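Working through the structure, step by step
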Amino acid sequence: MKSDVAVKSTKSPQDPIVALCGADNTYAMPLAVTIRSAVENLNSDRKLIWYVIDGGITPSNKRRILKSMPQSLLGNQLEIRWIPRPDVFSENLAKRLDRESFKFKHKLLGHPALSLENLAKVIPALPKNHVHYSNKMMKNGDSFEQSFQHSNNLSIEETIDSIRVSDSYIMISSPEIDDSFASLYRELITDVETLMQKRGVGTKAIDPKLYLFIASPNSITPFHIDRYSTFLMQFRGSKEICVFNPWDERAVTSIAREAYVAYANTHLPWCLENDVLATKFVFHPGETLHIPFVAGHHVKNGSEDVSISMSIIFNTRQTMMWRKALTFNHSIRPILERFDITPAPVGVHFWRDTAKAYFQRPVSRVTKLLKSSKY
């Protein structure tokens, strides 16, 4: 968030000086230094009213800011007034998090981090394990997580230069390690955590990260599910995205879902006829799509241009509980099936899922021991 300060002009020496700035939690202490410096240069007959657009400053840091001010002036010559940051997400959207897919506008078009010039500079400089690319044109039925094992015999620079005609797909994990993406990442995390708080699924995003995708026209991202919640933002080109309801057994069976989340089998069966069960979104620059936890989906990029998109992924207290419960089911399923018992599906009853999540680790250890002893 910008830390520019706007100061209102005054008509007479008795009028208060009014200042306005914005800051997030990262800049809380620099903000305190700025206000303190202004106060120390304030004439004794003047009053300073300082408005702060609050970009997520914690209560403890607000107390530290106030404590750093001359206490004799607070409330008299100095007032600090907090302006809540406008909500990116409405209450209605918060209720839909991880329950259904939905689309809305983002305001990041034109962000300097996402310019082609910056991407061409940043991507080759990232660690190699953060940059994955392939020239294999994928199709539904392929394993998405194995698709980047195909080399296109080009450097990343050559792949970027020829992306329009080379049938290539580039995926960059955690571009936020570059300074040009750092502030953008912090702002997105603040927005996500605001939504989580409204939804009642925690206050801190768990293991959040950015993914950047650059793809040739007409390329396909095969049908798959994610082990996290996703907000996907489009910046160039178009997409057609089909998203299935999470937990829909017709799209992804419990057995396949459990194995996928447990990293035991990431190749999901695909049936074209199932597309009638999905919600189809036509996706253009400036739009964001929420893909719920374990919701099946597949993507086709438009033919008119290279596609550039970015997602922020994260887990919540609730999705972590589901992940553990799904892993529990995968671990215990072979044992129960020996007695013709099928574990109850995850995502139906909260308390049952919570209990499974609690016992996931010990059950996984026991099943590994049984396998090693050829049970």
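Scroll up to find the structure.
Our subject in this report is the structure included herewith. Note that residues are indexed from 1 along each chain, following the sequence as it is written. Note on the predicted model: pLDDT of at least 70 is required for a residue's local features to be given, and 80 or more for side-chain atom pairs to be given and counted; whole-chain, interface and lining totals, by contrast, use all residues. Based on all heavy atoms of the structure, the side-chain values leave hydrogens and waters out of the count.

**Side note on the packing of helix α8 (residues 317-337) against helix α9 (residues 350-358)**
- Two numbers describe how α8 lies on α9: the axes approach to 7 Å, and their chain directions differ by 70 degrees. It follows that α8 is roughly perpendicular to α9 by the angle criterion. Along its contact with α8, which presents Met321, Trp322, Lys324, Ala325, Phe328 and Asn329, the element α9 presents Phe350, Asp353, Thr354, Lys356 and Ala357.
- A breakdown of the residues in the contact of α8 with α9 according to their chemical character gives six nonpolar, two polar and three charged. A fitted line through C-alpha atoms serves as each axis, taken over the contacting stretch for helices, and the angle formed by two N-to-C directions is quoted from 0 to 180°. Comment: elements are numbered from the N terminus, with helices defined as DSSP H or I runs of at least four residues and strands as E runs of at least two. Small angles under 35 degrees read as roughly parallel and large ones over 145 as roughly antiparallel, with 65 to 115 read as roughly perpendicular and the rest as oblique. Here a residue-residue contact requires only that any non-hydrogen atoms of the pair lie within 4.5 Å. Under the scheme applied here, ten amino acids are nonpolar (Ala, Val, Leu, Ile, Met, Phe, Trp, Tyr, Cys and Pro), four are charged (Asp, Glu, Lys and Arg), and all others, including Gly, are polar.

**Overview of the sheet that holds strand β14 (residues 297-301)**
- A strand pair is defined by DSSP finding two or more bridges across the two strands. Taken in spatial order, the four strands line up as β9-β14-β11-β12 in an open sheet, and their pairing is antiparallel. Across the chains shown, the open sheet's two edge strands, defined by having one partner strand only, are β9 (220-224) and β12 (279-283). Put simply, the sheet's adjacent strands are angled 15 degrees from each other on average, direction ignored.
- In this sheet, β14 lies alongside strand β11 (residues 239-243) in antiparallel orientation, the contact comprising five bridges. When the sheet's bridge partners are listed, Glu240 is paired in β14 with Lys300.

**Remarks on the side chain of Gln318**
- Among the secondary structure elements, Gln318 is positioned in helix α8.
- Ignoring any residue separated from it by four or fewer positions in sequence, one finds Gln318 in contact with Arg199 and Val201.

**Let's talk about the pattern of salt bridges**
- By definition here, a salt bridge exists when the distance from a side-chain nitrogen of Lys or Arg to a carboxyl oxygen of Asp or Glu is within 4 Å. Summed over the entire model, instances satisfying the criterion amount to 13 salt bridges.
- Salt-bridge contacts for Lys47 lead to Glu79; the nearest nitrogen and oxygen are separated by 2.5 Å. Separated by 32 residues along the polypeptide, Lys47 in the loop between α1 (28-40) and β3 (48-54) and Glu79 in strand β4 (residues 78-84) bring together distant segments of the chain.
- With relative accessibility at 27%, the residue Lys47 sits in the partly exposed group.
- Residue Arg333 pairs with Glu258 through a salt bridge whose shortest N-O separation is 2.9 Å. Linking Arg333 in helix α8 with Glu258 in helix α7 (residues 254-261), this pair joins segments that are 75 residues apart in sequence. Relative accessibility under 20% of the residue-type maximum defines a buried residue, over 50% an exposed one, and the middle range a partly exposed one, all with a 1.4 Å probe and only protein chains included.

**Overview of the sheet that holds strand β5 (residues 102-105)**
- With antiparallel pairing, seven strands are arranged side by side in an open sheet as β5-β13-β10-β15-β8-β7-β6. If you trace the sheet from one side to the other, it starts and ends with β5 and β6 (131-134), each paired once. Ignoring strand direction, the axes of neighbouring strands in this sheet form an average angle of 20 degrees.
- Bridge count for β6 against strand β7 (residues 169-173) is four bridges, and the pairing is antiparallel. Residue pairing across strands places His132 opposite Met171, the latter belonging to β7.
- Packing of helix α4 (residues 116-125) onto the sheet brings it into contact with β6, β7, β8 (206-215), β10 (229-236) and β15 (307-315), and relative to β8 it is tilted by some 110 degrees.

**Section: the pairing of strand β13 (residues 287-291)**
- Within β13, five of the five residues are buried, which leaves the element mostly enclosed by the surrounding structure.
- The two faces of β13 match: Glu287, Leu289 and Ile291 on one face and Thr288 and His290 on the other face are all buried.
- The sheet contact formed by β5 and β13 spans four bridges and is antiparallel. Residue Phe104 lies in a different strand from β13, and its bridge partner there is Thr288.
- With four bridges joining them, β10 and β13 adopt antiparallel strand pairing. Within β13, the residue paired with Leu232 across the bridge is Leu289.

**Comments concerning the pairing of β10**
- Most of β10 sits out of view: seven of its eight residues are buried.
- Pairing between β10 and β15: seven bridges, direction antiparallel. Residue pairing for β15: Ser229 is matched across the bridge by Phe314.

**Points about unusual backbone geometry**
- Positive phi, normally seen in glycine, also occurs at Trp247, with a value near 75 degrees.
- Looking at where Trp247 falls in the secondary structure, it is placed in the loop between β11 and α7.
- For Trp247, a relative accessible area of 17% corresponds to the buried category.
- Of note in the backbone geometry, Val294 takes a positive phi value of approximately 55 degrees without being a glycine.

**A look at the packing of aromatic side chains**
- The pairing test for Phe, Tyr and Trp rings, Trp by its six-membered ring, is centres within 6.5 Å, and the orientation test on the planes gives stacked under 30 degrees, edge-to-face over 60, and tilted for anything in between. Within this structure, the stated rule accounts for 13 aromatic pairs.
- Pairing Tyr169 with Phe213 gives two aromatic rings, centres 6.4 Å apart and planes at 55 degrees, and the pair type is tilted. One end of the pair, Tyr169, is in strand β7; the other, Phe213, is in strand β8, with 44 residues separating them in the sequence. A single burial state applies to Tyr169 and to Phe213, both of which are buried.
- Among the aromatic residues, those joined into a ring-pair cluster are Phe102, Phe104, Phe231 and Phe314.
- Looking at Arg227, its charged tip hangs above the ring of Tyr263, at a distance of 3.7 Å from the centre. Whether a charge sits over a ring comes down to the Lys NZ or Arg CZ being within 6 Å of the ring centre and within 35 degrees of the ring normal.

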